[in-house]
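# A look at the structure
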Amino acid sequence: MAVAGVVSGKVIYEQEGVYIHSSCGKSNDQDSLISGILRVLEKDAEVIVDWRPLDDALDSSSILYAGKDSSSVVEWTQAPKERAHRGPEHVNSYEAEWDMVNTVSFKKKPHTNGDTPSQRNGKSKWSFLFSLTDLKSIKQNKEGMGWSYLVFCLKDDVVLPALHFHQGDSKLLIDSLEKYVVLCEAPDDKRILLVNCPNKSLSQSFENLLDEPTYGLIQAGLLDRRKLLWATHQWKKIKKDPYTATLVGFSKVTNYIFDSLRGSDPSTHQRPPSEMADFLSDAIPGLKINQQEEPGFEVITRIDLGERPVVQRREPVTVEEWTKNIDSEGRILNVDNMKQMIFRGGLSHALRKHVWKFLLGYFPWDSTKEERTQLQKQKTDEYFRMKLQWKSVSEEQEKRNSRLRDYRSLIEKDVNRTDRTNKFYEGQDNPGLILLHDILMTYCMYDFDLGYVQGMSDLLSPLLYVMENEVDAFWCFASYMDQMHQNFEEQMQGMKTQLIQLSTLLRLLDSGFCSYLESQDSGYLYFCFRWLLIRFKREFSFPDILRLWEVMWTELPCKNFHLLICCAILESEKQQIMEKHYGFNEILKHINELSMKIDVEDVLCKAEAISLQMVKCKELPQAVCEILGLQDSEVTTPDSDTGEDEHVDLTACSTPAFQSNSLPVIAASGTSDDSSTQISVSPNVSRLTPA
């Protein structure tokens, strides 16, 4: 236990009107009431319980005002009179007309970034905080005996002052603590809750599982009751809102749930298909799953994809190369050739702010400079009109608009943990964070049906970083969301389709690896869920994701090139996964720990080589042709002796997971790196067509 100082972290629970009844020691030991604020905070995988007198918790800087300069970077000041003087260039700028949108003040919600304010009056003798790992028990009041109160007893037998909840029940606090510890009634006194702290990996909040690049395995020594209790809690959460639960922890929570459900008997470690099917049906609504037991995959025909070429990438496109492809009116010449150059090498950073607008469809490739200037003016008008819609909503109006409240709450929560290690977004009240917030709120006005879904801040962050302009970043983001929209829709049709397509491609490339994954209950490939949802944003470093995205935006060399990137990553990890006999737990852990360790140039080379290898295959299955957007062609099995064409297709990587066709299973050969040969590859990469 420690005297309360300045504590920062993610606020899990916060309640004012929590009193200590202190005896003043004077007339008749009359109680004096000390009003305080109680918080539960999460910091560095540790959970802190913090109480301090209300006087020590006040924050006078609760009112913030927004202003906009000519570069569209919002500047925050404490009051209008303290605003920095703006130069004459701002007055004459077009965006100055929209200053009214940004001078609408709003009250900042306290501690939205998880930081508690510094104390003003020094340390109070009544303030305290302690780590949840030090908590031994909690004593509750008798039912019906006035205000509810709780008494915390620590493991060193220190008993803290009773906390009286004058403005609400203490049950919300108990519910918050039960997310991190198991509370059991003492056998001799039901008012006392005994505490058993689980493994550190369970102490991470469920929503932060998506954020953490590493994942600790569950220790076998945990109590069965504790495992079942935690698993039941998460299962109820998934059943209540499978969409949100899937977004925040799909690829990881299954590990603990199924370990809890199946018990510790090694003979039961193979999960029945019905059990996995039930979970995936709940987690991804509408997914069709075949629950029939099948004896396994039998390789009927092997497709020889041929030797895989080794490709090399070029240097990024320079400003000089770009300028040479612009005519006197500002039109881009040789668009196809320029896209090929970008695909093979990416862009120098100085070009990104301009070229990304073309790649994302904000600027038409055939537009003149004058047309683009007019378009920006029109789009600026449109953007600030939408921004004004939510900026002008009063607090009273928002109380009657639950959807807007929910959007704002989720956006504020996500913005405060998006790319905070990047200098563009680090620090408190950073202008970059404020712009992230404003753009995402405005997008809710642009597409109110979709609104905001967790993960969208990850897609916006690199765009704003590159554009350094609120309006341009918004319209580039809106264009990107047109591509990614299905990933975030309630039915998640985009995610379902991509998982099935990925399993189809992977089985063609390496049926043996697919069969191994299936044998380890990993054939569903749901550990790739995060990759697909936010296009590898959490897997690569920030500079690498800029390169990867601009390459994918060229839409070369084929449709769904991002799925071939997934295949390239998995192929690189195949040897370690299979040679070390990784099981269900280890595969999840290994894939999650790849975050920030993947070489983007190496992956792009491998993915391009796979695409070239496939396009040269004359017996490519029709399903693969459709996934990659190749020309339709009749596909026959290579060993047909009857002279009649036998149409074939690929089943999904894990038959129990996805609805299977009754067609033969096709496997590929000639995919080994050992058989790769160096060939000359033309720098002019065009959209693939079958050979």
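Residues numbered from 1 in each chain as written. Predicted model: local features only at pLDDT ≥ 70, side-chain atom pairs only at ≥ 80, totals over all residues. Heavy atoms only, no water.

Defined as follows: UniProt positions are given in the numbering used here, feature names are shortened, and annotations may be inferred rather than shown by experiment.
Per an unreviewed UniProt entry, the protein chain is named TBC1 domain family member 15, and its organism is Pipistrellus kuhlii. According to the UniProt record, the Subcellular location (unreviewed entry) comment for the protein chain is "Cytoplasm". Its UniProt record gives the protein chain the following Function (unreviewed entry) comment, quoted word for word: "Acts as a GTPase activating protein for RAB7A. Does not act on RAB4, RAB5 or RAB6."

## Describing the overall build of the protein chain
Rules: Secondary structure elements follow DSSP: runs of H or I of four or more residues count as helices, runs of E of two or more count as strands, with numbering from the N terminus. The buried label applies to any residue whose accessible area, calculated with a 1.4 Å probe on protein chains only, is under 20% of its type's maximum; exposed applies above 50%, and partly exposed to all values in between. Two residues qualify as a contact provided that any one of their heavy atoms is within 4.5 Å of a heavy atom in the partner residue. Residue-level accessible areas treat just the shown protein chains as cover; the underlying method is Shrake-Rupley with a 1.4 Å probe.
Helix and strand counts for the protein chain come out as 25 helices and 16 strands. When burial is assessed residue by residue, the protein chain has 54% of its 691 residues classed as buried. Partitioning the contacts of the protein chain with sequence separation of at least 6, the portion at a separation of at least 24 is 70%. Surface accessibility of the protein chain: about 31,100 Å² in total, with carbon and sulfur atoms responsible for 48%.

## Side note on helix H11 (residues 349–359)
Turning to H11, its buried residues number three or more, namely Leu351, Arg352, Val355, Trp356, Lys357, Phe358 and Leu359. Looking at the buried side of H11, the elements it contacts are helix H9 (319–323), helix H10 (335–345), helix H12 (369–391), helix H16 (456–467), helix H17 (470–488) and helix H21 (542–552). Of the residues trailing H11, glycine 361 is marked for its positive phi of about 90°.

## Let's talk about helix H15 (residues 431–446)
Quick note on the threshold: Every helix has an expected span of 1.5 Å times one less than the residues it contains. Whenever a nitrogen or oxygen atom comes within 3.5 Å of another N or O atom, the pair is scored as a polar contact, on the condition that within protein one atom can donate a hydrogen and the other can accept it, and that pairs from neighbouring residues in sequence are kept only if both atoms are in side chains.
For H15, spanning 16 residues, the distance from its first C-alpha to its last is 22 Å, which sits close to the expected 22 Å at 1.5 Å a residue. Counted residue by residue, H15 has 14 buried out of 16 residues, so it is predominantly covered. Backbone nitrogen of glycine 432 and a side-chain oxygen of the N-cap are separated by 2.6 Å at the start of H15; the cap is asparagine 430.

## A short note on the nonpolar core
Just so we agree on the cut-off: Among the buried residues, those of types Ala, Val, Leu, Ile, Met, Phe, Trp, Tyr and Cys that are joined through side-chain atoms within 4.5 Å form a nonpolar core. What fixes the domain bounds is an automatic or database domain assignment.
Of all hydrophobic cores here, the largest spans 123 residues; its most connected members are Phe488, Phe536, Ile565 and Met614. When we break this core down by domain, the ones giving at least three residues each are domain 2 (242–260 + 274–315 + 491–630) and domain 3 (319–487). With 28 residues, the next largest nonpolar core counts Tyr13, Leu177, Leu183 and Val195 among its residues.

## Observations concerning the pairing of strand S8 (residues 135–140)
Here is the rule: Pairing between two strands requires that DSSP report at least two bridges joining them.
For S8 and strand S9 (residues 148–154), the ladder comprises 5 bridges, and the chain directions are antiparallel. Considered in S9, the bridge of leucine 135 is made with leucine 154. Bridge count between S8 and strand S12 (residues 189–196): 3 bridges; the pairing is antiparallel. The partner of isoleucine 138 across the bridge, within S12, is leucine 193.

## Side note on the packing of aromatic side chains
Note on aromatic pairs: each is described by the distance of the centres and the angle between the planes. As a reminder of what qualifies: Here a Phe, Tyr or Trp ring, Trp counted by its six-membered ring, pairs with any other such ring whose centre lies within 6.5 Å, and the pair is stacked when the planes are under 30 degrees apart, edge-to-face when over 60, and tilted otherwise.
Within the structure shown, the criterion is met by 29 aromatic pairs. For the ring pair tyrosine 407 and phenylalanine 448, a centre distance of 5.6 Å and an interplane angle of 75° mean the geometry is edge-to-face. You can see tyrosine 407 sitting in helix H14 (residues 402–415) and its partner phenylalanine 448 sitting in the loop between H15 and H16, a full 41 residues away along the chain. A connected cluster of aromatic rings, assembled from ring pairs, spans Tyr383, Phe384, Tyr443, Tyr446, Phe474, Trp475 and Phe477.

## Some points on the packing of helix H18 (residues 493–509) against helix H19 (residues 511–519)
Operational definition: Note on geometry: axes are lines fitted to C-alpha atoms, helical ones only across the stretch in contact, with angles between N-to-C directions running from 0 to 180 degrees. The labels follow the angle: roughly parallel below 35 degrees, roughly antiparallel above 145, roughly perpendicular from 65 to 115, and oblique for the rest. Residue polarity follows a fixed list, in which Ala, Val, Leu, Ile, Met, Phe, Trp, Tyr, Cys and Pro are nonpolar, Asp, Glu, Lys and Arg are charged, and the others, Gly among them, are polar.
Running from N to C, H18 and H19 point in directions that differ by 125°, and their axes come no closer than 5 Å. Between H18 and H19, the angle falls in the class oblique. Along its contact with H18, which presents Ser503, Leu506, Arg507 and Leu509, the element H19 presents Ser511, Phe513, Cys514, Ser515, Leu517 and Glu518. Class assignment for the residues of the contact of H18 with H19 results in 5 nonpolar, 3 polar and 2 charged.

## Observations regarding the pattern of salt bridges
Put simply, the rule is: One speaks of a salt bridge when a side-chain nitrogen belonging to Lys or Arg is within 4 Å of a carboxyl oxygen belonging to Asp or Glu.
Counted by the stated rule, this structure contains 29 salt bridges. The partner of arginine 313 in a salt bridge is glutamate 601, with the nearest N and O atoms 2.5 Å apart. You can see arginine 313 sitting in the loop between strand S14 (309–310) and H9 and its partner glutamate 601 sitting in helix H24 (residues 600–615), a full 288 residues away along the chain. According to the relative accessible area criterion, arginine 313 is buried, its value standing at 16%. Taking the shortest distance from any N to any O, the salt bridge between arginine 547 and glutamate 601 comes out at 3.7 Å. Of this pair, arginine 547 sits in helix H21 while glutamate 601 sits in helix H24, placing them 54 residues apart in sequence. Looking at arginine 547, the relative accessible area reads 14%, which means it is buried. Residue classification places glutamate 601 among the partly exposed residues on the basis of a relative accessible area of 30%. Linked by salt bridges that have partners in common, Arg313, Arg352, Arg547, Glu550 and Glu601 make up one network.

## Brief notes about the environment of asparagine 325
Structurally, asparagine 325 can be placed in the loop between H9 and H10. Note on asparagine 325: relative accessible area 10%, which makes it buried. In this structure the C-alpha to C-alpha distance between asparagine 325 and methionine 338, which are 13 residues apart in sequence, comes to 8.0 Å.

## Considerations on the pairing of strand S3 (residues 46–53)
For S3, a buried count of 7 out of 8 residues is recorded, marking the element as mostly surrounded by other parts of the structure. Bridge count for S3 against strand S7 (residues 128–131) is 4 bridges, and the pairing is antiparallel. Residue pairing for S7: aspartate 50 is matched across the bridge by leucine 129.

## With respect to the confidence of the model for the protein chain
For clarity, the threshold we go by: A residue's pLDDT is the predictor's confidence in that residue, given on a scale from 0 to 100.
Overall, the prediction assigns the protein chain a mean pLDDT of 74, with 62% of residues at 70 or greater. When mean pLDDT is compared element by element in the protein chain, H21 scores highest at 98, while strand S4 (residues 63–68) scores lowest at 32. Across residues 24–31, where pLDDT falls below 50, the model places 8 contacts with residues more than four positions away in sequence or in other chains. Residue range residues 197–232 is modelled with pLDDT below 50. Its contacts to residues more than four positions away, or to other chains, number 87 contacts.

## What about the environment of lysine 379?
Along the chain, lysine 379 turns up in helix H12. Taking the C-alpha atoms as reference, lysine 379 lies 7.5 Å from valine 471; in sequence the two are 92 residues apart. Ignoring any residue separated from it by four or fewer positions in sequence, one finds lysine 379 in contact with Tyr362, Val471 and Trp475.

## Some words on the side chain of threonine 554
Relative to the assigned elements, threonine 554 resides in the loop between H21 and helix H22 (561–579). Not counting the four nearest positions on each side in its chain, threonine 554 is found in contact with Lys339, Ile342, Phe343 and Leu359.

## Re unusual backbone geometry
The linkage connecting leucine 556 with the following residue, proline 557, adopts the cis geometry, with an omega of -5°. As for its position among the elements, proline 557 is in the loop between H21 and H22. You will see that asparagine 560, though not glycine, has its phi angle at about 55°, which is positive. Position of asparagine 560 relative to the elements: it lies in the loop between H21 and H22. Even without glycine at this site, methionine 596 takes up a positive phi of about 70°. Within the secondary structure layout, methionine 596 lies in the loop between helix H23 (584–592) and H24. When its relative accessible area of 49% is taken as the criterion, methionine 596 is described as partly exposed.

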